[in-house]
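So the chains spell out like this:
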Amino acid sequence: MKIGNREFDTAAHTYVMGILNVTPDSFSDGGKWNHMDAALKHTEQMIEEGASVIDVGGESTRPGYEPVSDEEEIARIAPMITHIKSRFDIPVSLDTYKSAVAEAGLRAGADMINDIWGLRHDDNMARIIADSGAACCLMHNRDKAVDTGQVKNDKSCVDVSLFWESVLVDLSKSVRIAEEAGIARDKIILDPGIGFGKTYEQNLQVLHDMEKLHTFGYPLLLGASRKSVVGLTLDLPVNERLEGTLVTTVLAVMKRYSFVRVHDIKEHVRAIRMAEAVRDCV
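Calculation notes
Residues numbered from 1 in each chain as written. Predicted model: local features only at pLDDT ≥ 70, side-chain atom pairs only at ≥ 80, totals over all residues. Heavy atoms only, no water. Axes fitted to C-alpha atoms, helices over the stretch in contact; angles between N-to-C directions. Helix = DSSP H or I, 4+ residues; strand = E, 2+ residues; numbered from the N terminus. Parallel < 35°, antiparallel > 145°, perpendicular 65-115°, else oblique. Left-handed = near helix turned anticlockwise from the far one by under 90°. Contact = heavy atoms within 4.5 Å. Nonpolar A, V, L, I, M, F, W, Y, C, P; charged D, E, K, R; others polar. Polar contact = N/O pair within 3.5 Å; in protein donor to acceptor, adjacent residues only side chain to side chain. Salt bridge = Lys/Arg side-chain N within 4 Å of Asp/Glu carboxyl O. Buried < 20%, exposed > 50% of the residue type's maximum accessible area, 1.4 Å probe, protein only. Pairing = 2+ DSSP bridges. Core = buried A, V, L, I, M, F, W, Y, C linked by side-chain atoms within 4.5 Å. Patch = residues over 30% accessible without salt bridge, like charges linked within 9 Å, V, L, I, M, F, W, Y side chains within 5 Å. Areas by Shrake-Rupley, 256 points an atom, 1.4 Å probe, with all protein chains shown as cover. Expected span 1.5 Å × (residues − 1). Arc of directions from axis to C-beta.

Student: What is the right way to read the packing of helix H2 (residues 70-87) against helix H3 (residues 99-108) from this model?
Tutor: The relative placement of two packed helices comes down to the angle between their axes together with the axis-to-axis distance. Packing of H2 against H3 leaves a shortest axis separation of 9 Å and a crossing angle of 20°. Taken together, H2 and H3 sit at an angle that is classed as roughly parallel. The two elements H2 and H3 meet at a crossing, and its hand is right-handed. On H3, the residues that touch Asp-70, Glu-73, Ile-74, Ile-77, Ala-78, Ile-81 and Thr-82 of H2 are Ala-100, Val-101, Ala-104, Gly-105 and Ala-108. Of the residues belonging to the contact of H2 with H3, the class tally is 8 nonpolar, 2 polar and 2 charged.

Written out as C-alpha cells, the structure reads:
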C-alpha cells in the first residue's frame, strides 16, 4: 500500500510507526514533546532509529481522558505536521477521531488518519478521508467491554467466541462505512484496539488470536506499546514496559501484522529484524 509518497510491502514486512504525542497529559509521555523543538528533535531521532511513519496525536485517549476542543487540538497538531513535513521525508499519520481536526491535519500535510473509533464517532470523517485520498487506520473500540464473563464449575472464564464475534462485527461496520464513503481498499488498515473497550482478559485474548483479523483482507496494525495489559501482567509502571511491549511486537511479526505503533523505535526495529529472520527462514 502507499502512504504519502512511500510504498509499503505490507505482505512481507512489519513497519514501525513512531508515536509523537504533542499533549500535556498522555499516559506515557505527556508533556515531553509538546514543544516544537523537542518534538522535532524526537522525530529526527525516531527516523534515524528506523521509524517508517510518524503518528502525531494532539489529544490523550488514555483511560479517563478529558477531551479537548477541536480548536485546541488543531492548534497542537497542525503546526507540528507542517514542520515535520517540511523537514523530513516521511509519511505522517494523524491520531484523531474528529473530522474537523482530520481536515485541518490533512491540509497541513498529513498522509493518513488514525481513527480510534473506526469512523463510527464522527459522521463526516469517512467523507473527509475519501475526498483527500489519504490512507486510514480503523481501530476497534466500544464504549464498554462486551460482557463475556461466565461462571462454570466455580471458575471464571471468558466466552472467546462471543468476544471475537463482537470485535469482527464492530470492525465490519467500520469497513462498510469506509467502503460506502469511497475510501479505496488499498488505503485501509485495521487495528484490533488493544486497551480500548476491552477487559484485561480480552486484551490478552486479542494478542493470542490477533490473526483472526486477517479475515478482512486488509493490512493490520498493532498498538500495544506500554499499555495497561503489559503493566498489569508484569506489575510494572509505564516507564518499565519495554520488554513486555517487545513481546507483543514479536507476536505481531509472527502473525504477519504490517505495522506496530510504538514509543521505543530502535529496540522494536531490532526485534522485528530478528523475528522476521526466524519467521522467514524456511
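Picking up where we left off.
Student: Is there a simple way to explain the side chain of Asn-141 in this structure?
Tutor: Note on placement: Asn-141 falls in the loop between strand S7 (135-139) and strand S8 (149-152). Of note is the side chain of Asn-141, whose polar atom sits 3.2 Å from the backbone oxygen of Ile-116. Excluding residues within four positions of it along the chain, Asn-141 makes contact with Ile-116, Trp-117, Arg-120, Asp-170, Phe-196 and Gly-197.

Student: It is not clear to me how the pattern of salt bridges should be interpreted in this structure. Could you clarify?
Tutor: Two side chains with opposite charge may pair up if their charged atoms get near one another. Inspection of the entire model under this criterion finds 13 salt bridges. Its salt-bridge partner being Arg-261, residue Asp-55 comes within 2.7 Å of it at the nearest N-O pair. With a gap of 206 residues between them, Asp-55 in strand S4 (residues 53-57) and Arg-261 in strand S12 (residues 259-262) connect regions that are remote in the sequence. Asp-55 gets classed as buried once you look at its relative accessible area, which sits at 0%. The class for Arg-261 is buried, based on a relative accessible area of 14%. Put simply, Asp-264 and Arg-226 hold a salt bridge, and the shortest N to O gap is 2.9 Å. One end of the pair, Asp-264, is in the loop between S12 and helix H9 (265-279); the other, Arg-226, is in the loop between strand S11 (221-222) and helix H7 (228-234), with 38 residues separating them in the sequence.

Student: So what exactly am I meant to see when it comes to the pairing of strand S3 (residues 15-21) here?
Tutor: The two faces of the sheet receive side chains in turn, since in a regular strand these alternate between them. Of all 7 residues that make up S3, 7 are buried, and the element is covered over most of its length. Going residue by residue along S3, you find Tyr-15, Met-17, Ile-19 and Asn-21 tucked away on one face and Val-16, Gly-18 and Leu-20 tucked away on the opposite face as well. As judged from the 4 bridges shared by S3 and S12, these two strands associate in the parallel manner. Bridge pairing in S12 links Met-17 to Arg-261.

Student: Explain the nonpolar core here, please?
Tutor: Across soluble globular proteins, nonpolar side chains have a tendency to be buried as a group. The biggest cluster of nonpolar side chains holds 62 residues, and the ones touching the most others in it are Leu-20, Val-56, Ile-84, Ile-183 and Leu-222. At 6 residues, the largest contribution of residues to this core is made by helix H5 (residues 160-181). Beyond its immediate stretch of four places on either side in the chain, Val-56 contacts Leu-20, Val-22, Ile-77, Ile-81, Ile-84, Val-92, Ser-93, Leu-94 and Asp-95.

Student: It is not clear to me how a nonpolar patch on the surface should be interpreted in this structure. Could you clarify?
Tutor: Together, Val-250, Met-254, Met-274 and Val-278 give the surface a local cluster of nonpolar side chains, amounting to about 350 Å² of exposed area. Those elements that place two or more of their residues in the nonpolar patch are helix H8 (242-254) and H9. Assignment of secondary structure puts Val-278 in helix H9.

Student: Got a minute to help me understand H5 in this structure?
Tutor: Think of an α-helix as 3.6 residues a turn; residues three or four steps apart then line up on the same face. Its 22 residues give H5 an end-to-end C-alpha distance of 32 Å, which sits within 8% of 32 Å, the value for a rise of 1.5 Å per residue. Along H5, the residues that are buried comprise Phe-163, Trp-164, Ser-166, Val-167, Asp-170, Leu-171, Ser-174, Val-175 and Ala-178. Projection of H5 onto a plane perpendicular to its axis shows the buried side chains occupying an angular sector of 165°, all on one side. Away from the buried face of H5 by more than 90 degrees, exposed residues Ser-161 and Glu-180 are located. Taken together, the buried residues of H5 touch S7, strand S10 (188-191) and helix H6 (200-209). Following H5 by one or two positions, Gly-182 adopts a phi angle in the positive range, close to 95°.

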